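# Chain and residue survey
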Amino acid sequence: MLVLLPAAVLLAMAVGSVRIGVGDVVRTLALALARVLGTGGQGGAPAPDQEVLETILLRVRLPRVILSCLVGAALALAGTAFQAVFRNALADPYILGASSGGALGAAAAVILGLPLASAGFAAAPALAFVGALAAVGIAYWLARRAGGVSTLGLLLAGVVVGTWASSLLSLLIYFSGRFLAQIVFWLMGGFGGTSWWSVAAALPYMVAGAAVIGLRVKDLNALSLGDETALGLGVDAERSRRTLIAGASLLTAASVAVSGPIGFVGLMVPHLVRTLVGADHWHVLPGSAAAGAVLMLLADTLARTVIAPAEVPVGIVTALFGGPFFLWVLSRRGRGRLLGGGR
Amino acid sequence: MRREATLYLRRACAVILVSVVLGALLSGCRGGLFGPNTISVKDDTGREVTVPRRVQRAVSVAPANTEILFAIGAGQQVAGVDAYSNYPPEAESLPKVGDYMQASAESVVALKPDVVFASTVHQQLVTQLEGLGIKVVVVEPESFDGLYKDIEMVGRIMGHEQAAAQVVQEMKAKLAGVADKLKGLPAEDRPVVWYEVWADPLMSVGPTTYIHQVIELAGGVNLAEDADTDYPIISNEFVVARDPDVIVWPVFHDAVELTAATLSQRPGWSAISAVREGQIYSIDADVISRAGPRLADAVEMMAKILHPELFR
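None of the values given here were measured: they were computed from a predicted structure. (Residues numbered from 1 in each chain as written. Chains lettered and ligands numbered in written order. Predicted model: local features only at pLDDT ≥ 70, side-chain atom pairs only at ≥ 80, totals over all residues.)

### A closer look at the overall build of chain A
A tally of regular secondary structure across chain A gives 15 helices and zero strands. Burial analysis of chain A (343 residues in total) assigns 51% to the buried set. Counting only contacts in chain A whose residues sit at least 6 apart along the sequence, the fraction spanning at least 24 positions is 77%. (Helix = DSSP H or I, 4+ residues; strand = E, 2+ residues; numbered from the N terminus. Buried ≥ 20, exposed ≤ 12 C-beta atoms within 10 Å, placed from the backbone. Contact = placed C-beta atoms within 7 Å.)

Have a look at this one:
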């Protein structure tokens, strides 16, 4: 998996709506690296064609490639965490309403016309981030008021919040008029407008979320065995759950903010990885992150090349190709290994 | 020894002084001998954009903007368009940068444009292109007056001010011609028009759209004039109750033709005046929905449909 990543990155960089050979890619990347490290680099402005090449590769494609890896890893990690926390094979990162909340935020931003008013700064990701976190927060609060944050209570609250946000979203869409197309496209998810700004904006939250989850590998294993067993192993189930949900929600909110709700990766990648490396989260976590990154990268590369220069929403690609691929892996490795050995 | 050092020092100072002065002069001379070589415009979202005075390469990601560019004679300076820019025919052979909504930033960058003309649906693209240092001017007028101003603005940017003014004059003349013939038309002679954007759900145009303005300028009354949204979904009963005199539907790719026969099958529609009298007409969708130079033609077309006796 980890070996696949750099190869996939190089491939993704070389491919796109504008033809650029691999040699050019390597040369441009090397030149840029040299400039960044302060070594080499010729004086004077590069030739116009080289400049166009650099702009495309370094300012359009590279951030996009990196972001798709980050989002893929983030969603896969969040999915893994949620599946362990809820002990539910069908849990995905949006189970607590993050995608609906994020969508509501983004739609509001588009309709209020905020993005273009403030030079360059795009309000849609910011509002989407806030919306996603708010949804999860409300779900958690509802579950607590209903009496105890058991897994069932949380799931129900998540469904309530998600449905409620979705219906509000439908209402907004109905009145959106000329903004309809933009909102609908955002809902399909994609990396179209990615820039270094998006990467910089998402990175801190993703690192934070990943750290929170990564530091609790032991808890993940314990929680998968049930609350009582976990307690016996010295893990405070409720506190642990809360922290893990917070971390996973950070990852999910950041992803939804920069690329819209992209489904499938968060749900299937953990299963995929578990059939390959077993159920121990020491292996599953890094595996999920790497697999999620590669999968999303390949999906996005396909999404932006198959009908270039137009783009297919990434979510469609991940589901269309991911599904059969997952089934193939399942059939190869035997169904008994789902969730790590017949539970 | 000391004298040599002083001499050297003096020479060095002189060289530095001359370089500084020359540098200052040269940088100040950036404006060139014929005035500043950039102009600043305010686009339809209120953004101030500074574009080069003589734009050599422009990219348009909206069909209406493409039409404007070609109408003012700037066709040669257009380097790329979106996939839906099909008018004039010359535009179709230009390199494509994407769909109407999904333009590929890479393709735009590769065309090395001096300026990109977009519309308000391209929020994400605009932000992205600006981040890459490409100038974007958003053209999306809300009325005929706004359209005239925008055509003139595009003319200034592309260096075709006279041609742009000409285009605006011709448009105004066409509208004036229509208004003239409609002068003194009593309110009851203005037919109620049902403009059908879509059949299922039943959708028409609200008062904020161009199409509404075209209908009004052509001497008609838009059935959906009281709606709150741009493209309201109207109920069957409302249409039947308002009893439109004329039904107009836009011809676009894959459009389903509306005939008296098909319309009579809708519940209650057989009683509608327009259906009974066969007053069902089609109009070119591109002409009426693009805020471009052909919008005045749309008014003339609609006027002929609504008042055939006045516009032979």
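### Considering the sheet that holds strand 8 (residues 221–222) of chain B
Residues and elements named next belong to chain B. Here we have four strands laid out as an open sheet, ordered 8-7-9-10, and parallel in their pairing. Single-partner strands in this sheet number two, and they are strand 8 and strand 10 (280–284). The pairing of strand 7 (residues 192–195) with strand 8 spans two bridges and is parallel. Within the sheet, the bridge partner assigned to Val193 lies in strand 8 and is Asn222. (Pairing = 2+ DSSP bridges.)

### Considerations on the interface of chain A and chain B
With 28 residues of chain A at the contact, the number on the chain B side is 29 residues. Within the residue set of the side of chain A that touches chain B, elements represented by two or more residues are helix 3 (48–86), helix 5 (114–117) and helix 8 (180–188) of chain A. The residue inventory of the side of chain A that touches chain B, partitioned by class, reads 15 nonpolar, nine polar and four charged. (Nonpolar A, V, L, I, M, F, W, Y, C, P; charged D, E, K, R; others polar.)

### Thoughts on the sheet that holds strand 5 (residues 115–118) of chain B
Residues and elements named next belong to chain B. If you trace the four strands from one edge of the open sheet to the other, you get 4-3-5-6, paired in parallel fashion. The open sheet terminates on both sides in strands that have one partner only, identified here as strand 4 (78–81) and strand 6 (136–138). Neighbouring strand axes in the sheet, compared pairwise and without regard to direction, differ in orientation by 20° on average. Here three bridges tie strand 3 (residues 58–60) to strand 5, and the two strands are oriented parallel to one another. Across the sheet, Val59 pairs through a bridge with Val116, a residue of strand 5. Taken strand by strand, helix 5 (residues 123–131) contacts strand 5 and strand 6, and its axis lies near 155° from that of strand 6. (Axes fitted to C-alpha atoms, helices over the stretch in contact; angles between N-to-C directions.)

### What to know about unusual backbone geometry
All names here are of chain B. In this model, Tyr87 is joined to Pro88 through a cis peptide bond whose omega is -5°. With respect to the helices and strands, the residue Pro88 is situated in the loop between strand 4 and helix 3 (89–92). In this model, Asp200 is joined to Pro201 through a cis peptide bond whose omega is 10°. You can see Pro201 is positioned in the loop between strand 7 and helix 8 (210–217).

### Regarding the nonpolar core
Generally speaking, nonpolar side chains in soluble globular proteins are found buried as a group. Leu77(A), Ala254(A) and Met302(B) are the most contacted members of the largest nonpolar core, which totals 187 residues. The biggest single contributor to this core is helix 3 of chain A, with 22 residues. Of the domains in this structure, domain 1 (38–159) and domain 2 (179–306) of chain B are the two that each give at least three residues to this core. Apart from residues no more than four positions distant in its own chain, Leu77(A) is found in contact with Ala210(A), Ile213(A), Leu251(A), Leu285(A), Ser288(A) and Ala289(A). (Core = buried A, V, L, I, M, F, W, Y, C linked by C-beta atoms within 7 Å. Domains from an automatic or database assignment.)

### Section: the domain arrangement of chain B
Residues and elements named next belong to chain B. Entries for chain B in the domain assignment read domain 1 (38–159) and domain 2 (179–306). Between the C-alpha centres of domain 1 and domain 2 there is a distance of 30 Å. Each partner contributes residues to the interface: domain 1 has 10 residues there, and domain 2 has eight residues. Mapped onto the side of domain 1 that touches domain 2, the elements with two or more residues apiece are helix 2 (63–71) and helix 6 (144–158). Considering every element that reaches the side of domain 1 that touches domain 2, the biggest residue donor is helix 2, with five residues. Partitioning the side of domain 1 that touches domain 2 into residue classes produces eight nonpolar, one polar and one charged.

### With respect to the confidence of the model for chain B
This prediction gives chain B a mean pLDDT of 86; 90% of its residues lie at or above 70. On the interface metric, ipTM, the complex scores 0.72, and its pTM is 0.78. (pLDDT = per-residue confidence, 0-100.)

### Some remarks on the packing of helix 4 (residues 98–112) of chain A against helix 6 (residues 123–145) of chain A
Residue and element names in this part refer to chain A. As a packed pair, helix 4 and helix 6 sit with axes 6 Å apart at the nearest point and diverge in direction by 145°. Note on packing geometry: the crossing formed by helix 4 with helix 6 is right-handed. Between helix 4 and helix 6, the contacting residues are Ala98, Ser100, Gly101, Gly102, Leu104, Gly105, Ala106, Ala108, Ala109 and Val110 on the first element and Ala123, Ala124, Leu127, Ala128, Val130, Gly131, Ala132, Ala134, Ala135 and Val136 on the second. (Left-handed = near helix turned anticlockwise from the far one by under 90°.)

### A short note on the environment of Trp196(A)
Residues and elements named next belong to chain A. For Trp196, the location among the structural elements is in helix 9 (residues 196–214). With 130 residues separating them along the chain, Trp196 and Ile66 place their C-alpha atoms 9.3 Å apart. With near-sequence residues (within four places) excluded, Trp196 lies in contact with Arg59 and Pro63.

### Focus: the pairing of strand 7 of chain B
All names here are of chain B. Assessed by its sense of winding, the connection that carries the chain from strand 7 through helix 8 to strand 8 is right-handed. Relative to strand 9 (residues 246–251), strand 7 runs parallel, the two being bridged by three bridges. Note on strand 9: the bridge partner recorded for Trp194 is Ile247. (Right-handed = clockwise from strand over helix to strand, strands pointing away.)

### Things to note about helix 8 of chain A
Taken residue by residue, helix 8 of chain A has Leu180(A), Gln182(A), Ile183(A) and Trp186(A) as its buried positions. Buried residues belonging to helix 8 of chain A abut helix 4 and helix 7 (151–174) of chain A together with helix 5 of chain B. The first or second residue beyond helix 8 of chain A is Gly189(A), which carries a positive phi of 80°.

### Here's the deal with the environment of Glu257(B)
Residue and element names in this part refer to chain B. Within the secondary structure layout, Glu257 lies in the loop between strand 9 and helix 10 (260–264). The exposure class assigned to Glu257 is exposed, which follows from the 9 C-beta atoms found within 10 Å. For the pair formed by Glu257 and Val221, sequence separation is 36 residues and the distance between their alpha carbons is 23 Å.

### A look at the confidence of the model for chain A
Residues and elements named next belong to chain A. Of all residues in chain A, 80% have pLDDT values of 70 or greater, and the mean over the chain is 80. A low-confidence stretch, residues 39–45 (pLDDT under 50), is modelled with four contacts involving residues beyond four sequence positions or located in other chains. Taken as a whole, residues 337–343 scores under 50 in pLDDT and shows 12 contacts with residues more than four places along the chain or in a different chain.

### Quick notes on the packing of helix 6 of chain B against helix 7 (residues 161–181) of chain B
Residues and elements named next belong to chain B. Between helix 6 and helix 7, the shortest axis-to-axis distance is 7 Å and the interhelical angle comes to 165°. Taken together, the axes of helix 6 and helix 7 lie roughly antiparallel to each other. The two elements helix 6 and helix 7 cross, and the hand of that crossing is right-handed. Counting all contacts with helix 6, which are made through Tyr148, Ile151, Glu152, Val154, Gly155 and Arg156, the residues of helix 7 involved are Glu161, Ala163, Ala164, Ala165, Val167 and Val168. Looking at side-chain class alone, the contact of helix 6 with helix 7 contains eight nonpolar, one polar and three charged residues. (Parallel < 35°, antiparallel > 145°, perpendicular 65-115°, else oblique.)

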